Structure formats: structure tokens, C-alpha cells
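Here are the chains, one letter per residue:
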Amino acid sequence: MLSKTATYILVALVLIGTLLGFISPALALAIGMICGIFKVADQDIIQNSKKFQKTLLQLSVVGLGFGIHMKQAIEVGSNSFFITLITIVCTFIIAFALGKILKSERITTILVASGTAICGGSAIAAVSPSLKADSSQTSISLAIVFLLNAIALFIFPYIGHYFELSQVQFGTWSAIAIHDTSSVVGAAQVYGEIALNVATTTKLVRTLWIIPLVLIISFGSNSKEKFAFPWFIFGFIGAMLINSYVPSAELFSEHIVWIARKALIFTLFLIGLQINIAQLKKLGFNILIVGIFTWIVLGVVSLLYVLNYI
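Residues numbered from 1 in each chain as written. Predicted model: local features only at pLDDT ≥ 70, side-chain atom pairs only at ≥ 80, totals over all residues. Heavy atoms only, no water.

Caption draft 1: Structural detail: the overall build of the protein. The secondary structure content of the protein amounts to 16 helices and 0 strands. Compactness check: the protein gives a C-alpha radius of gyration of 19 Å against a globular reference of 19 Å for 310 residues, within 12% of the reference. Seen through its C-alpha atoms, the protein measures out along the principal axes to roughly 55 × 50 × 45 Å. For the protein, the proportion of contacts with a sequence separation of at least 24, taken over those separated by at least 6, is 83%. Accessible surface for the protein amounts to roughly 14,500 Å². Of this, 70% is attributable to carbon and sulfur atoms. (Helix = DSSP H or I, 4+ residues; strand = E, 2+ residues; numbered from the N terminus. Rg over C-alpha atoms; globule rule 2.2 N^0.38 Å. Contact = heavy atoms within 4.5 Å. Areas by Shrake-Rupley, 256 points an atom, 1.4 Å probe, with all protein chains shown as cover.)

This is the structure:
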């Protein structure tokens, strides 16, 4: 294991490589995962980076809003409304059915379904209090989501090119089929600028479905626990409004978007650091099958949708 000083040097090198354009989103995540799984980096620094990683991700997403026009956002949101609703409902039906067949633990199944259907870790964090999920159930669900996120970040751009998806098609598909916003944006960023804008907007519109999901679960469980709504979405909308309707916004919008993209790549490195052997060992075979199968079905259905209707 590296010392704290050596770990800080490693982090600095990754940051510099990111700013200079030498490190891609997939490479950043891979470096982080290697350091996390093999405990290369100092564990105290890894633990302390969790809160910073979350804040940096939120700021990065807000910054990307300066590259999107409100008219485009409304168009993307309206076009993806019905496929979003259909895929969310189907994801839960499949997860519950498969969970019952495999006899996977109920609360963990709901958490994995929530993360798969809407927005990964954010949905799991929002739903957990209403379900009164314990730390083990939450961590297992997050581990499954992070593992599948990592796989998606690497393979989705290749699948997109294989099927010759347009920028808009890939942006829509990745926003529907990849769990977390970070990996959605990371994969779309590799594919192209238009894909990035479409993916970011579609994913954040999809994230709003957290509200009805938590209300339904809270009602069903009679829980009065508060849920952690991702308020940074409103920052993203505010950034779009500024970019769309403030005449002088063009003077700084491009620079903010550049910084946001680099910050996002560095965030993927920090996310990779959080994945470790202990998390991977907690993955129960049954719930892992539920997570993988549900994700594959969601990916295939959404891919067929964008190939035929976008």
C-alpha cells in the first residue's frame, strides 16, 4: 500500500493527466478500480474522498448544463418520456419476478431494481430510508450497480459503433440503459459532443422519476423517513436557462463545460477507488443474477427502441 504522500502524488498525476487529455473516462475508472481493489492507495484518503467525489460529480453535471440549450432539453425530455416510463415499469416487473424465482432478499431486490431503473446510486440512496434498508443491503446494491457501471462504461461505446448508432441514438440509449449519471456521461463523452448533451439531459430528466418512486415505496411501507433528492438537478436546469437566455453566457459557457468534462473524468477515478474486495465478496449470487439479467434486458429493449424509433 502506498503512503499518504505517495497516494497524493498518484492522485495529482491522474488529475494532471486528465487535464492534459491523456486519460479517458474508461482509463480513469480503470486506474481507480485497480487502486481500490488491490488496496494500492491509502485507505484513509479513499474514505475521505467519498464526500468530495459526490460533490464533484454534482458540480460536474451542473457545469455540463452550460452546454445545453433549453429548447433541446425540452425536446429530448418529451421524446424520451414514454420509453422512460415503460422501461422503469418493466425493470421492476422483471426484477421482482426473477427475485421471487431465485428467492433473493426482498429489500435488496427493490434497491437493485431502483438503481437499474432510474439512476444507480442516487436512486438507491433515496429509496433506502423508506425501505429501512441496513448498511449491508445498501452496500451490496451499490456494489452491483458500480460493477455494472464499470462494465457499461467500457463496452457501450463499442456496441454503439457496432450498430452504427447516431449521436442522438447513443445518447438516448446510454441514458436509459446505464445506471449512474457519471458512467452515462463518461460513455457518451467518448462517443461525441451531441451524444453527451443528449445523454446528460435524458438521464437527468429520468432522475426526476425518483420522486414518484420514493412516494410509492414510502406509501407502501408507511415510512415517514425523508429521502435524499438530488437537488443538483435544479442547478443543471439553472445552467441551461443561463446558457439559453443570457446573452453574455457564450463568453464563459464553453470554458465551464470544458472544466466540467475534465472534472467528471477525475470523478470516475475517485469512484473507482471506492470499489474493493470486501464489496465484491458481499455480492450474493442470486441478487447478482437479478441485477445482471435485469440490466441486460433493459439494455436490449432500449437498444431496439433507439434503433427503430430514433
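Caption draft 2: Layout of the nonpolar core. Counting residues in hydrophobic clusters, the biggest one holds 74 residues, and the most contacted among them are I118, F156, F170, W173 and F269. No other element matches the 9 residues that helix α8 (residues 135-162) contributes to this core. Within the second largest apolar cluster, 19 residues are counted, among which are L57, I68, A73 and M240. (Core = buried A, V, L, I, M, F, W, Y, C linked by side-chain atoms within 4.5 Å. Buried < 20%, exposed > 50% of the residue type's maximum accessible area, 1.4 Å probe, protein only.)

Caption draft 3: Main features of the pattern of salt bridges. Taken as a whole and assessed by the stated rule, the structure comprises 1 salt bridge. Between R261 and E193 there is a salt bridge, with its nearest N and O atoms 3.8 Å apart. Of this pair, R261 sits in helix α14 (residues 253-273) while E193 sits in helix α11 (residues 193-207), placing them 68 residues apart in sequence. Overall, E193 belongs to the exposed group, its relative accessible area being 52%. (Salt bridge = Lys/Arg side-chain N within 4 Å of Asp/Glu carboxyl O.)

Caption draft 4: Layout of empty space enclosed by the protein. All told, the structure shown has 1 cavity of 30 Å³ or more when counted by the stated rule. Taken as a whole, the largest cavity holds about 50 Å³ of empty space. Surrounding the largest cavity, L29, F146, N149, A150, D180, S182, S183, L268 and I271 form its lining. Those elements giving two or more residues to the lining of the largest cavity turn out to be α8, α10 (181-191) and α14. The biggest single contributor to the lining of the largest cavity is α8, with 3 residues. (1 Å grid on protein atoms, 1.4 Å probe; cavity = no way out; pocket = protein on both sides within 12 Å on 5 of 7 lines; lining within 4 Å. Points joined across faces, edges and corners; volume = space filled by probe spheres on them.)

Caption draft 5: Local environment of the packing of aromatic side chains. All told, the structure shown has 11 aromatic pairs when counted by the stated rule. Seen from their ring centres, F170 and Y191 are 4.0 Å apart, and the 10° between their planes marks the pair as stacked. Of this pair, F170 sits in helix α9 (residues 167-177) while Y191 sits in helix α10, and the two are 21 residues apart along the sequence. Assigned by exposure class, F170 and Y191 land together as buried. Taken together, the ring pairs in this structure connect F156, F170, W173, Y191 and W295 into an aromatic cluster. (Phe/Tyr/Trp six-rings, centres within 6.5 Å; stacked < 30°, edge-to-face > 60°.)

Caption draft 6: Broad picture of helix α1 (residues 4-19). For α1, built from 16 residues, the straight-helix expectation of 22 Å at 1.5 Å per residue is met to within 8% by its first-to-last C-alpha distance of 23 Å. Positive phi appears at G21, one or two residues downstream of α1, with a value of about 85°. (Expected span 1.5 Å × (residues − 1).)

Caption draft 7: A look at the side chain of D180. Residue placement: D180 occurs in the loop between α9 and α10. Among buried Asp, Glu, Lys and Arg side chains, D180 stands out as unpaired, with K203 the closest opposite charge at 7.1 Å. Of note is the side chain of D180, whose polar atom sits 2.8 Å from the side chain of N149. Once you skip the residues sitting within four places of it in the chain, D180 turns out to touch C119, G120, G121, S122, V145, F146, N149 and K203. (Lys, Arg positive; Asp, Glu negative; His and termini not counted. Polar contact = N/O pair within 3.5 Å; in protein donor to acceptor, adjacent residues only side chain to side chain.)

Caption draft 8: Examining the layout of surface pockets more closely. Of the volumes computed, that of the second largest pocket is approximately 260 Å³. Every residue along the wall of the second largest pocket is listed here: L85, I88, V89, F92, F96, I110, I118, W209, P212, L213, I216 and I217. Only α5 (81-102), α6 (106-119) and α12 (210-221) provide two or more residues apiece to the lining of the second largest pocket. No other element matches the 5 residues that α5 contributes to the lining of the second largest pocket.

Caption draft 9: Fine view of the side chain of S182. Within the fold, S182 resides in helix α10. In contact with S182, other than residues within four places in its own chain, are L57, L264, L268 and I271.

Purely spatial values, then, with no claim about function.
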